[in-house]
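# Inside the fold
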Amino acid sequence: MGSHPVHLPAPTTAAGREGLAAILARPDRAVVALDFDGTLADIVPDPEQARAHPGAVPALAALAPRVASVAVITGRPAGVAVRYGGFAGVPGLDHLVVLGHYGAERWDAVSGTVHAPAPHPGIAAVRAELPGVLHEAGAWHGSWVEEKGQAVAVHTRRAEDPQAAFESLRGPLGRLAAAHGLIVEPGRLVLELRPPGMDKGVALAEYVRETDAESVLYAGDDLGDLAAYAAVEKLRTEGPDGIPGLLICSGKAEVPELAERADLLVPGPADVVGFLSALAQRL
């Protein structure tokens, strides 16, 4: 019984089509990098309840042996992403890498261990002062604080007016972060206070160089993924021919800043998983 032809969505840009063609031509020299929340996992009101889409691990396990490497790049702690993703001990994902805290932490499936720096001293100070700042801003009851080890995130999704709460906290949290040598990373109804110096673009560019990749795919859904998009755009121009890349936006128009720079827009994690499955079958 023959298999049905696989439909692989076509990028809408010339650069994206070149990136996909390069991945298909030399998959053994391609890096596939993916955000977690909103890309491999649906966005949920409580971030602690986020889990990878049911098809994500099978799709990655089918794809990983056919490409140079698969990496998950996330703002979450690496160990948390591994648990919520169900990535550990999966046949086919023997060499998966999870770069957590925007690349500050690293988990390698081959060893099953996480390598992480000591927490920035500003995190402890922010953690202590945050309740007072939220109370003064009138946002204590409408926000939820997520402890992330190397960072602290304030979510407003549960507030009566989530967007208004988000906007009202940008100034106070920005000042709190700056007072302790940190930066604020905005996302979809979340403001994350974290150390400067690392972002998804730095992490992705370093990993592409580490693997000596000749092409790269990156999929993301939020403002924190803009740095990774910029890294792929820069890689395309490096050297005589550049490194072709494909940029996928999960969520279509939910984050216009990302969508307008993407080569391929898909509605959400289920569609990202579908693309990865189709790519694996095509390869």
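The structure under discussion appears in the preceding block.
A short tour of the structure in this document, coming up.

Basis of the calculations
- Starting afresh in each chain, residues are numbered from 1 along the sequence in its written order.
- Predicted model: local features are reported for residues with pLDDT of at least 70 only, side-chain atom pairs are reported and counted for 80 or more only, and whole-chain, interface and lining totals are derived from all residues.
- As a convention, hydrogens and water are excluded, and side-chain values are obtained from all of the structure's heavy atoms.
- Comment: elements are numbered from the N terminus, with helices defined as DSSP H or I runs of at least four residues and strands as E runs of at least two.
- Each residue gets one of three labels from its accessible area relative to the maximum for its type: buried under 20%, exposed over 50%, partly exposed in between, using a 1.4 Å probe on protein chains only.
- Any N or O atom pair separated by 3.5 Å or less is treated as a polar contact, with the protein-specific requirement of one donor-capable and one acceptor-capable atom, and with residues adjacent in sequence counted only for side-chain atom pairs.
- We call two residues in contact when some of their heavy atoms are within 4.5 Å.
- Convention adopted: a line fitted to C-alpha atoms gives each axis, helices being fitted over their contacting stretch, and angles between N-to-C directions are expressed from 0 to 180 degrees.
- Orientation is classified from the angle alone, with under 35 degrees giving roughly parallel, over 145 giving roughly antiparallel, 65 to 115 giving roughly perpendicular, and any other angle giving oblique.
- Each helix crossing is assigned a hand: it is left-handed if the near helix lies turned anticlockwise from the far helix by less than a right angle, otherwise right-handed if that turn is clockwise.
- Charged residues are taken to be Asp, Glu, Lys and Arg, nonpolar residues to be Ala, Val, Leu, Ile, Met, Phe, Trp, Tyr, Cys and Pro, and polar residues to be all remaining types, Gly included.
- How far a helix is expected to stretch is found by multiplying one less than its residue total by 1.5 Å.
- The pairing criterion is simple: DSSP has to find at least two bridges between the two strands.
- When a carboxyl oxygen of Asp or Glu is within 4 Å of a side-chain nitrogen of Lys or Arg, the pair counts as a salt bridge.

Residues other than glycine predominantly adopt negative phi, and peptide bonds predominantly adopt the trans conformation. Even without being glycine, Tyr102 reaches a positive phi, approximately 60°. As for its placement among the helices and strands, Tyr102 is situated in the loop between β3 (97-100) and β4 (105-108). A positive phi angle, close to 55°, is found at Asp212, a residue other than glycine. Note on placement: Asp212 falls in the loop between α6 (200-211) and β10 (215-220).

On to the side chain of His155, then. Among the secondary structure elements, His155 is positioned in strand β7 (residues 152-155). Judged by relative accessible area, which is 13%, His155 ranks as buried. Within the local environment of His155, its side chain forms a polar contact with the side chain of Glu146, the two groups lying 2.8 Å apart. Apart from residues no more than four positions distant in its own chain, His155 is found in contact with Pro47, Gly142, Ser143, Trp144, Glu146, Leu189 and Val190.

The next point concerns the packing of helix α4 (residues 121-136) against helix α5 (residues 162-179). Angle between the axes and distance between the axes are the two parameters that describe a pair of packed helices. Where α4 contacts α5, the axes come no closer than 11 Å and their chain directions differ by 150°. Taken together, the axes of α4 and α5 are roughly antiparallel relative to one another. Every pair of crossing elements has a handedness; the one defined by α4 and α5 is right-handed. Counted together, Val126, Glu129, Leu130, Val133 and Leu134 of α4 and Leu169, Pro172, Leu173 and Leu176 of α5 form the full contact between these two elements. Residues of the contact of α4 with α5, tallied by class, amount to eight nonpolar, no polar and one charged.

Before going further, it helps to spend a moment on helix α9 (residues 269-282). A rise of 1.5 Å per residue sets the reference length of α9, with its 14 residues, at 20 Å; its end C-alpha atoms lie 20 Å apart and thus fit the reference within 8%. In the core, the buried residues of α9 are packed alongside α1 (14-25), β1 (30-34), α2 (56-63), β10, β11 (245-250) and β12 (264-266).

A few words now on the sheet that holds β7. Strand order in the open sheet made by the four strands is β6-β7-β9-β8, with antiparallel pairing throughout. In this open sheet, the two strands that pair with only one neighbour each are β6 (144-147) and β8 (183-187). Neighbour-to-neighbour, the strand axes of the sheet open up by a mean angle of 20°, direction not taken into account. One ladder, built from four bridges, connects β6 with β7; its direction is antiparallel.

By the criterion of burial, α2 is predominantly enclosed, with six of the eight residues buried. Elements that come into contact with the buried residues of α2 comprise β1, β2 (69-73), α3 (78-85) and α9.

What follows covers the side chain of Lys148. Looking at the secondary structure, you find Lys148 in the loop between β6 and β7. Here the side chain of Lys148 touches Glu192 through a polar contact of 2.6 Å, side chain to side chain. Discounting chain neighbours no more than four positions away, the residues touching Lys148 are Gly75, Arg76, Pro77, His101, Ala153 and Glu192.

Quick look at the pattern of salt bridges now. Under the counting rule described, the total for this entry stands at 17 salt bridges. Measuring nitrogen to oxygen at the nearest pair gives 3.0 Å for the salt bridge that ties Asp212 to Arg29. You can see Asp212 sitting in the loop between α6 and β10 and its partner Arg29 sitting in the loop between α1 and β1, a full 183 residues away along the chain. A salt bridge links Arg76 to Glu146, with the shortest nitrogen-to-oxygen separation between them at 3.5 Å. Placement of Arg76 in the loop between β2 and α3 and of Glu146 in strand β6 is noted, with a sequence separation of 70 residues between them. Judged by relative accessible area, Arg76 falls into the buried class, the value being 4%. Its relative accessible area of 8% is what places Glu146 among the buried residues. Three or more residues are tied together by salt bridges with common partners; here these are Arg26, Asp28, Arg29, Asp212 and Glu214.

What follows covers the sheet that holds β4. Spatially, β5-β4-β3-β2-β1-β10-β11-β12 is the arrangement adopted by the eight strands of the open sheet, whose pairing is mixed. Both edges of this open sheet fall to β5 (113-115) and β12, since each of them pairs with a single strand only. Between one strand and the next, the sheet's axes are offset by a mean angle of 20°, whatever the strand orientation. The pairing of β1 with β10 spans five bridges and is classified as parallel. Among the inter-strand pairings, Val32 is bridged to a residue of β10, identified as Leu217.

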